[in-house]
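Structural overview
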Amino acid sequence: MRLARLTQRKQFLAAADRGRRFRSSAFTVQVLDGPQRAEDDRPAPDGLRLGLTASRKVGNAVIRNRIRRRLRVAAQQALGPQAERPCDIVVVARPETLTAPFETLVGELSVAIERARPQGQGRRPRPALGPAAGKTRGKGGERLPGPQND
C-alpha cells in the first residue's frame, strides 16, 4: 500500500507551524491532525499524507536520497495500519537516519503520531520582529527615521 504524499510547500509549512512534534535521535516528526488541515487544499484523500524532508546539512544528494528511501519504506511499514487516520505527517531527517537500525526507525515512526506533543510545550516561541527591528542605521551608515533616532 502506498501512502498519499504532501506535495506543496504550504502543506509542509502548515505542519511545521500548527502541528505537534515528536523528536527522536534520527528524525523529527511534525503531525498536523485532520481538522487543522488548510481549507484551501485541493480535495485530498481523507487519510494520512506523508512528507519527507532532508536538507543539505544531512549530506550530498546521494545520501539525502538514500535517507528518503529508507524513511519511505519505514513509514509504509509503521504507518500502514493507520493510513485511514486523517492527518499530515512530515518527517525531517537528521544525519543519524542513515546509520540508525531500520527496526528503530519503524518503531519510532509508529509511535510518533500518538506521542507528538503540541508545539508550544517545552519552549517559548520567539517574538516576531519587524523588518527594521534593532536597526539604527540604514545602508551606507545613514540614520533611519524612527523614535529611537529623533
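Let me sum up the structure you'll find in this document. (Residues numbered from 1 in each chain as written. Predicted model: local features only at pLDDT ≥ 70, side-chain atom pairs only at ≥ 80, totals over all residues. Heavy atoms only, no water.)

**Overview of the overall build of the protein chain**
- What the protein chain contains, in helices and strands, is three helices and six strands.
- Along the protein chain, helices (α) and strands (β) appear in the sequence β-α-β-β-β-α-β-α-β when read from the amino end. (Helix = DSSP H or I, 4+ residues; strand = E, 2+ residues; numbered from the N terminus.)

**Notes on helix α2 (residues 61-79)**
- Between its terminal C-alpha atoms α2 stretches 26 Å, which fits the 27 Å expected from 19 residues at 1.5 Å a residue.
- Those residues of α2 that sit buried are Arg 64, Ile 67, Arg 70, Leu 71, Ala 74, Ala 75, Ala 78 and Leu 79. For α2, the angular spread of buried residues about the axis comes to 135 degrees, placing them on one side. (Expected span 1.5 Å × (residues − 1). Buried < 20%, exposed > 50% of the residue type's maximum accessible area, 1.4 Å probe, protein only. Arc of directions from axis to C-beta.)

**Section: the pattern of salt bridges**
- By the definition in use, this model includes two salt bridges.
- Measuring nitrogen to oxygen at the nearest pair gives 3.2 Å for the salt bridge that ties Arg 20 to Asp 33. Of this pair, Arg 20 sits in strand β2 (residues 20-23) while Asp 33 sits in strand β3 (residues 27-33), and the two are 13 residues apart along the sequence.
- Residue classification places Asp 33 among the partly exposed residues on the basis of a relative accessible area of 23%.
- For Arg 49, the salt bridge is made with Asp 88, and the minimal N-O distance between the two is 2.8 Å. (Salt bridge = Lys/Arg side-chain N within 4 Å of Asp/Glu carboxyl O.)

**Section: the pairing of strand β4 (residues 49-53)**
- Counting buried positions along β4 gives four out of five residues, so the element sits mostly inside the fold.
- Two elements, strand β1 (residues 4-5) and β4, share two bridges in a ladder whose sense is parallel. If you follow Arg 5 over to β4, its bridge partner there is Leu 50.
- As judged from the five bridges shared by β4 and strand β5 (residues 87-93), these two strands associate in the parallel manner. Note that in β5 the partner of Leu 50 across the bridge is Ile 89.
- Regarding topology, α2 serves as the crossover connection from β4 to the parallel β5, and that connection is left-handed. (Pairing = 2+ DSSP bridges. Right-handed = clockwise from strand over helix to strand, strands pointing away.)

**What about the nonpolar core?**
- In this structure, Phe 27, Val 29, Leu 50, Leu 79, Ile 89, Val 91 and Leu 109 are the most contacted members of the largest nonpolar core, which totals 29 residues.
- Elements represented by at least two residues in this core include exactly β3, β4, α2, β5 and α3 (102-115).
- Counting residues per element, this core draws most heavily on α2, which supplies six residues.
- Discounting residues that sit within four places of it in the chain, Phe 27 has contacts with Phe 22, Leu 71, Val 91, Val 92, Ala 93, Arg 94, Thr 97, Leu 105, Glu 108 and Leu 109.
- Counting six residues, the second-largest nonpolar core is a separate cluster that includes Leu 6, Ala 14, Leu 32 and Val 90. (Core = buried A, V, L, I, M, F, W, Y, C linked by side-chain atoms within 4.5 Å. Contact = heavy atoms within 4.5 Å.)

**Quick look at the side chain of Arg 70**
- Position of Arg 70 among the secondary structure elements: in helix α2.
- Here Arg 70 occupies a buried position and makes no salt bridge, while the nearest side chain of opposite charge, Glu 103, is found at 7.1 Å.
- Not counting residues up to four positions away in its chain, the partners in contact with Arg 70 are Thr 97, Leu 98, Thr 99, Ala 100, Pro 101, Phe 102 and Leu 105. (Lys, Arg positive; Asp, Glu negative; His and termini not counted.)

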